[in-house]
Amino acid sequence: MGFNPFNLFLPKRMVGVDIGTSSIKIVEISKWGGGRTLENYGEMKSASFFRDSSSQTGSNLLSAGFISKAMKAILDEARIKTKAAIFSIPDYSTFFVSFDLPPLTEKEVSEAVRFNAPQYVPLPISETTLDWKIISGTPGNKQPMKVLVAAVANQIVQEYQRIAQMAGLQLYALEAEALSIVRALVKDNKMTICLLDIGTQSTTVNIIEHGVLKKSHSLDFSTGGQMTYSIASALDKSYTEAEDIKIKDGLLSSNENIKNTLYLQVDPLLTEVKKIISEYSQYEQKEVQEIYLAGGTANLPGLKEYFAEALDRKVQIPNCFSDFLTAPILEETLAEMSPRFCVAVGVALSGLK
Ligand SMILES: Nc1ncnc2c1ncn2[C@@H]1O[C@H](COP(=O)(O)OP(=O)(O)OP(=O)(O)O)[C@@H](O)[C@H]1O
Ligand SMILES: [Mg+2]
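Computed from a predicted structure; not experimentally measured.

Cut-offs and rules
Residues numbered from 1 in each chain as written. Chains lettered and ligands numbered in written order. Predicted model: local features only at pLDDT ≥ 70, side-chain atom pairs only at ≥ 80, totals over all residues. Heavy atoms only, no water. Pairing = 2+ DSSP bridges. Helix = DSSP H or I, 4+ residues; strand = E, 2+ residues; numbered from the N terminus. Axes fitted to C-alpha atoms, helices over the stretch in contact; angles between N-to-C directions. Contact = heavy atoms within 4.5 Å. Near = heavy atom within 4 Å. Polar contact = N/O pair within 3.5 Å; in protein donor to acceptor, adjacent residues only side chain to side chain. Areas by Shrake-Rupley, 256 points an atom, 1.4 Å probe, with all protein chains shown as cover. Buried < 20%, exposed > 50% of the residue type's maximum accessible area, 1.4 Å probe, protein only. Salt bridge = Lys/Arg side-chain N within 4 Å of Asp/Glu carboxyl O.

> Would you mind going over the sheet that holds strand 5 (residues 95–101) with me for this structure?
As a general point, the strands of a sheet are linked pairwise by backbone hydrogen bonds and lie either parallel or antiparallel. As summarised here, the arrangement of the 3 strands in space is 5-7-6, forming an open sheet in which the pairing is antiparallel. In this open sheet, the two edge strands, each paired with only one partner strand, are strand 5 and strand 6 (128–136). Within the sheet, the average angular offset between the axes of one strand and its neighbour, ignoring direction, is 25°. Across the sheet, helix 4 (residues 154–166) touches strand 6 and strand 7 (145–153), and the angle it forms with strand 7 is around 65°.

> Hey, could you run me through the site of ligand 1 in this one?
Near ligand 1, the surroundings consist of 20 residues, among which Thr21, Lys25, Gln201, Glu243 and Lys246 are the closest. Threonine 200 places a main-chain nitrogen or oxygen 3.0 Å from an oxygen atom of ligand 1. Out of a free accessible area of 650 Å², ligand 1 has 91% covered by protein chains. No other element matches the 3 residues that helix 7 (residues 239–249) contributes to the shell around ligand 1.

> Help me out: how do you make sense of the side chain of glutamate 28 in this one?
Position of glutamate 28 among the secondary structure elements: in strand 2 (residues 23–32). Since its relative accessible area comes to 1%, glutamate 28 is described here as buried. Within the structure, the side chain of glutamate 28 is placed 3.3 Å from the side chain of arginine 13, a separation counted as a polar contact. Excluding residues within four positions of it along the chain, glutamate 28 makes contact with Arg13, Met14, Val15, Thr37, Leu38, Glu39, Asn40, Ile80, Lys81 and Thr82.

> How should the pattern of salt bridges be read in this particular structure?
Pairs can form between side chains of opposite charge whenever their charged atoms are close. The tally for this structure, following the rule as stated, stands at 15 salt bridges. Aspartate 323 serves as the salt-bridge partner of arginine 36, at 3.5 Å between the closest nitrogen and oxygen. Within this pair, whereas arginine 36 is found in strand 3 (residues 35–45), its partner aspartate 323 is found in the loop between strand 13 (314–316) and helix 10 (331–349), the two being separated by 287 residues in sequence. Its salt-bridge partner being arginine 313, residue glutamate 287 comes within 3.5 Å of it at the nearest N-O pair. Here glutamate 287, found in the loop between helix 8 (256–284) and strand 12 (290–294), pairs with arginine 313, found in the loop between helix 9 (303–311) and strand 13; they are 26 residues apart in sequence, far enough to count as distant. A relative accessible area of 45% means that glutamate 287 is categorised as partly exposed. The network of salt bridges with common partners includes Arg13, Glu28 and Glu39.

Written as structure tokens, this is what we have:
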């Protein structure tokens, strides 16, 4: 959501902020020449909020006051001095739609998106901020085009502006998290990829073709939070205990009860992914070649192998830090962090082009 289009001279350091439902992640990234460095990073888990939340699927965020205080603490602890920041907006707050446009010049596209959006976006357009990307065709080329439009309620945009201000950051832009994650993780431009972001409260299935996000579906099942809940109730444990049990052995647990409880949560996602992949091949005549896993749940022991077998495709957990300049000693830590931090990294990179 580039609501501040006049920041032509972007700084060389940028802060990326991802306010997830289980934690807030912040990264500070610098760019010089062709290199990128992770200068500082921090995370604050807020599982207690999620536990107290009455809704497992709603979009109720933490209060702006709580979030900005937590952010200040992270910035302080991580010694982040840079004020320039870009925030990601969760997929469940963003409405994605794609539609066709006739041949147009670059200037005309933006007007045409605004003109056509009310037909497709179920939000009052006067109270909505639109962001869009051309996903096929080129303006001025005398060929029809297709655009992917992300729509967010102005109220949400204003909420983020308020949070940034209270946290002492200068908000340069907002971006839908599906776009941030693609920037961070998709480096091979040739393939058709299905990228899953399995977080605490939402799971997103994205299709990317030639490096461009084509489809994004946000689901409210098969989430990391629900996996933990179901273990807690199956074994009569607390949420925190169940969280440890889940992370320790996951689908590879020798306890049948744990294993079956987890499969019951994971299988609906598998069914949905199969459906999305098959629809994509039917309507777009393109086969999904690889599956990427992201979000904290990507690290669930056994998940990658289970998906690879069930979907009969290569599955990888891509590392968003793989082309960063880092000390070799940090490599393992960064690879483990990548699924959780890739949204924050991608959104920071959007300001360092
Ligand atoms: N090693 C691991 N194995 C299994 N699950 C894990 C592991 N590490 C983290 N998780 C799970 O990942 C989830 C947190 O992921 P993430 O940080 O991507 O979520 P979030 O961004 O806060 O949530 P959302 O995107 O839904 O708002 C939690 O449910 C946590 O239990
Ligand atoms: Mg997330």
